[in-house]
Amino acid sequence: MPFFDEVNETAPREHLRRLQFDKLQKLLREISGRNRFYIKKWKDAGIVTDIIHSLSDFQKLPFTCKSELVTAQEEAPPFGTNATFSPEAYTRVHQTSGTTGTPMRVVDTPESWDWWGYCWAHVLTGAGVTASDRVFLPFSFGPFIGFWATVEGAKRVGAMMIPGGGWDSIQRLRMMRDLGATVVCCTPTYALRLAEVAREEHFDMQSLSVRALIHAGEPGASVERTKARIEAAWGAKCFDHAGASEVGAHSFECELQPGGIHVIESEFIAEVIDPQTGKEAAAGEIGELVITNLGRPGFPVIRYRTGDLVRLNLIPCACGRTFARFDGGLLGRSDDMVTIRGVNVYPTAIENVIRQFGSVDEFQVTVTTASEMHQLEVEIEVVPGNDSEHVRTHVEQAIYHALSLRPTVKVAKPGTLAHFEMKARRFRRVDGASGTRPR
Ligand SMILES: [Zn+2]
């Protein structure tokens, strides 16, 4: 089983905790008296960092929210008060994809950019990528950080990077074939889109040498049925990865694929809280991921509320890693989780049910809330040639069996639901009393 950093990846948990604490203290020393954002935040909260002598002291620090980082940016544009050092210290700037609000800029020093590559090397090695691989990146590189960092990771493991920007989907497929790409990194939605294009253009997917796809940006690769669909279309294994511009590349799937992703605990401290109360979630409960990055003093996030739902599993993995896992990957956004008649409903749970139907092309889930009551409505596009009513009834029954919840399932005309090229937004919430609030 290949590891990128075997000593730490397989270390006893006490060793990991000690390592995290040592790195945390080093980080606090580096930003102390320099990072204007945290100086003010902790002063306002009446916290002196000198009191932090253990990881439980660390939990006395207040959470950091994305809205605070956005405000910090507005207060001192363009990079904000969370940029610890003076602008000359930084060599990279990126910004968030902006799918959930104001784009936020993040900056990296040469050291923290190396750290991104170091984390991505864990992701690639976890998926079995070595120097003999050719990694295809089907993107036009924009300001979004995600796959830029893949380039650094590929450099670390010595793999060849094939840039696929500025091309359309069929050209990319041909390029993968002609250059013998063995690994593709993209969103799950785009992997399915490429397979669709191959079908339309009569491109033989079996002519590709791709054996692994590494996915990020959406939960799909950990959604069992979506994963199965991608793997069948590509004849390759697909791996999940999670990260965020303001946090780093924090989690990856190992080759044994135990149904979850490992957190790089040598570089991050992960906590799980009840999103309502802010208290630590009980072991094995679904809660919001709170994360601290330990390798980015120039733009740190300390006890950062990611808004991602996870279920933490501390049982060592059969792969040999002791790094904790998020069972089922990222389960959705905490503000997308609703409780309908006592059942916790979150996007990936519904996606997993719908994706088992090859006869469903695209779908959209709407939760309508009126007078505190939630209703679940699912719209599906049925692949032409199938009996729509038959598919509709089966989807309704499958959701009922999986979630003990009776949704309204409607059939949409082919081509009327949004089809996504990159990141999909298939889940939305509507306030039935005050009008539509698409999310
Ligand atoms: Zn593992």
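All figures in this text were calculated on a predicted structure; none of them were measured in a lab. (Residues numbered from 1 in each chain as written. Predicted model: local features only at pLDDT ≥ 70, side-chain atom pairs only at ≥ 80, totals over all residues. Heavy atoms only, no water.)

Trainee: Can you explain the coordination of the zinc ion? Please cite residues and give values.
Mentor: When a metal carries six donors in an octahedron, the ideal angles between them are 90 or 180 degrees, while four donors in a tetrahedron ideally lie at 109.5 degrees. Taken together, Cys-254 (SG), His-262 (NE2), Cys-317 (SG) and Cys-319 (SG) make up the protein donors of the zinc ion, found 2.2 to 2.3 Å from the metal. Geometry at the zinc ion is tetrahedral, judged from its 4 donor atoms and the angles of 100 to 118° they form at the metal. In primary sequence terms, the donor set of the zinc ion follows C-x7-H-x54-C-x1-C. Placement of His-262 in strand 9 (residues 260-263) and of Cys-317 in the loop between strand 12 (304-313) and strand 13 (325-327) is noted, with a sequence separation of 55 residues between them. (Donors = N, O, S within 2.8 Å, 3.2 Å for Na, K, Ca; no water. Tetrahedral: all angles 85-135°; square planar, octahedral: opposite > 155°, others 65-115°. Helix = DSSP H or I, 4+ residues; strand = E, 2+ residues; numbered from the N terminus.)

Trainee: Just give me the short version of the packing of helix 9 (residues 188-200) against helix 10 (residues 224-234), but keep the residues and values in it.
Mentor: Following both chains from N to C, one finds helix 9 and helix 10 inclined at 35°, their axes separated by 10 Å at the closest point. Regarding helix 9 and helix 10, the two cross each other, and that crossing is left-handed. In this structure, helix 9 contributes Pro-188, Ala-191, Leu-192, Leu-194 and Ala-195 to the contact, and helix 10 contributes Thr-226, Arg-229, Ile-230, Ala-233 and Trp-234. Here the residues of the contact of helix 9 with helix 10 are counted per class, giving 8 nonpolar, 1 polar and 1 charged. (Axes fitted to C-alpha atoms, helices over the stretch in contact; angles between N-to-C directions. Left-handed = near helix turned anticlockwise from the far one by under 90°. Contact = heavy atoms within 4.5 Å. Nonpolar A, V, L, I, M, F, W, Y, C, P; charged D, E, K, R; others polar.)

Trainee: Tell me about the sheet that holds strand 11 (residues 286-293), and name the residues and values.
Mentor: Spatially, 4-3-5-6-7-8-9-13-12-11-10 is the arrangement adopted by the 11 strands of the open sheet, whose pairing is mixed. Both outer strands of the open sheet, strand 4 (160-163) and strand 10 (268-273), are each paired with one neighbouring strand and no more. Going across the sheet, the axis of each strand differs from the next one's by a mean of 35°, ignoring polarity. Against the sheet, helix 8 (residues 169-179) makes contact with strand 3 (134-137), strand 4 and strand 5 (183-186), and its axis sits at roughly 170° relative to strand 3, the strand it touches most. (Pairing = 2+ DSSP bridges.)

Trainee: Report on helix 9, specifying residues and quantitative values.
Mentor: Count 3.6 residues to each turn of an α-helix, and residues three or four apart come out pointing the same way. In a regular helix each residue adds 1.5 Å, so 13 residues correspond to 18 Å; helix 9 covers 19 Å between its end C-alpha atoms and thus fits that length. By the burial criterion, the buried members of helix 9 are Pro-188, Thr-189, Tyr-190, Ala-191, Leu-192, Leu-194, Ala-195, Val-197 and Ala-198. Of the surrounding secondary structure, the elements contacted by the buried residues of helix 9 are helix 8, strand 5, strand 6 (212-215) and helix 10. At the exit of helix 9 stands His-202, carrying a positive phi of roughly 55°. (Expected span 1.5 Å × (residues − 1). Buried < 20%, exposed > 50% of the residue type's maximum accessible area, 1.4 Å probe, protein only.)

Trainee: Got a sec to walk through the pairing of strand 16 (residues 360-370)? Specific residues and values, please.
Mentor: As a general feature of sheets, a regular strand has side chains that alternate between the two faces. Counting buried residues along strand 16, 8 of its 11 residues qualify, which places the element largely inside the surrounding structure. Judged from the 10 bridges that link them, strand 16 and strand 17 (residues 373-382) form a sheet pairing that is antiparallel. Opposite Gln-364, over in strand 17, you have Glu-379 as the bridge partner. Examined bridge by bridge, strand 16 and strand 19 (residues 427-431) share 5 bridges and lie parallel to one another. Its bridge partner lying in strand 19, Thr-366 is registered against Arg-428.

Trainee: Outline the environment of Tyr-346, listing residues and values.
Mentor: Following the sequence through the fold, Tyr-346 ends up in the loop between strand 15 (343-345) and helix 11 (347-354). Here Tyr-346 falls in the buried class, since its relative accessible area comes to 14%. Each C-alpha atom of the pair Tyr-346 and Gly-332 lies 6.1 Å from the other, and the pair is 14 residues apart in sequence. Setting aside its immediate chain neighbours within four residues, Tyr-346 contacts Ile-286, Leu-309, Leu-331, Met-337 and Phe-427.

Trainee: Tell me about the pattern of salt bridges, and please be specific about residues and values.
Mentor: On inspection of all chains with the given rule, the structure shows 20 salt bridges. One salt bridge in this structure joins Glu-265 and Arg-13, with 2.8 Å as the shortest N-O distance. One end of the pair, Glu-265, is in the loop between strand 9 and strand 10; the other, Arg-13, is in helix 2 (residues 13-31), and 252 residues separate them in sequence. Its relative accessible area of 3% is what places Glu-265 among the buried residues. (Salt bridge = Lys/Arg side-chain N within 4 Å of Asp/Glu carboxyl O.)

Trainee: Explain the packing of helix 8 against helix 9 to me, and be specific about the residues and the numbers.
Mentor: Orientation of helix 8 relative to helix 9, taken along the N-to-C sense of each, is 90°, at an axis distance of 9 Å. On the basis of the axis angle, helix 8 is roughly perpendicular to helix 9. Residue-level contacts link Ser-169, Ile-170, Arg-172, Leu-173 and Met-176 of helix 8 to Tyr-190, Leu-194, Val-197 and Ala-198 of helix 9. By residue class, the composition of the contact of helix 8 with helix 9 is 7 nonpolar, 1 polar and 1 charged. (Parallel < 35°, antiparallel > 145°, perpendicular 65-115°, else oblique.)

Trainee: Describe helix 5 (residues 66-75), and please don't skip the residues or the numbers.
Mentor: Within helix 5, the full set of buried residues consists of Leu-69, Val-70, Ala-72 and Gln-73. Taken around the axis of helix 5, the buried residues stretch over an arc of 155°, which confines them to a single face. Projecting away from the buried face of helix 5 at angles above 90 degrees are the exposed residues Glu-74 and Glu-75. Against helix 3 (36-44), strand 2 (105-108) and strand 12 lie the buried residues of helix 5. (Arc of directions from axis to C-beta.)

Trainee: Run through the sheet that holds strand 17, naming residues and quoting values.
Mentor: For sheets, the rule is that strands pair by backbone hydrogen bonds, running either parallel or antiparallel. The 4 strands are arranged 18-17-16-19 in an open sheet whose pairing can be described as mixed. Both edges of this open sheet fall to strand 18 (408-412) and strand 19, since each of them pairs with a single strand only. Adjacent strand axes in the sheet meet at a mean angle of 25°, parallel and antiparallel pairs treated alike. This element, helix 11, spans strand 16, strand 17 and strand 19 of the sheet and lies at about 145° to strand 16. Sheet contacts for helix 12 (residues 388-403): strand 16, strand 17 and strand 18; angle to strand 17, the most-contacted strand, approximately 140°.

Trainee: Describe in detail the packing of aromatic side chains, supporting the description with residues and values.
Mentor: One pass over the structure, following the stated rule, counts 9 aromatic pairs. On the basis of an interplanar angle of 80° and a centroid distance of 4.8 Å, the ring pair of Phe-37 and Tyr-38 is categorised as edge-to-face. Ring plane angle 40° and centroid distance 6.2 Å describe the contact between Trp-113 and Trp-116, whose orientation is recorded as tilted. Here Trp-113 pairs with Trp-116, and both are found in helix 6 (residues 110-126), just 3 residues apart, close to one helical turn. (Phe/Tyr/Trp six-rings, centres within 6.5 Å; stacked < 30°, edge-to-face > 60°.)

Trainee: Outline the nonpolar core, supporting the account with residue identities and numerical values.
Mentor: Formed by 98 residues in total, the largest nonpolar core has its most connected members in Leu-173, Met-176, Ile-214 and Trp-234. The element contributing the most residues to this core is helix 6, with 8 residues. Not counting residues up to four positions away in its chain, the partners in contact with Met-176 are Phe-136, Ala-181, Val-184, Leu-194, Leu-208, Val-210 and Trp-234. Counting 29 residues, the second-largest nonpolar core is a separate cluster that includes Leu-309, Val-343, Val-365 and Val-409. (Core = buried A, V, L, I, M, F, W, Y, C linked by side-chain atoms within 4.5 Å.)

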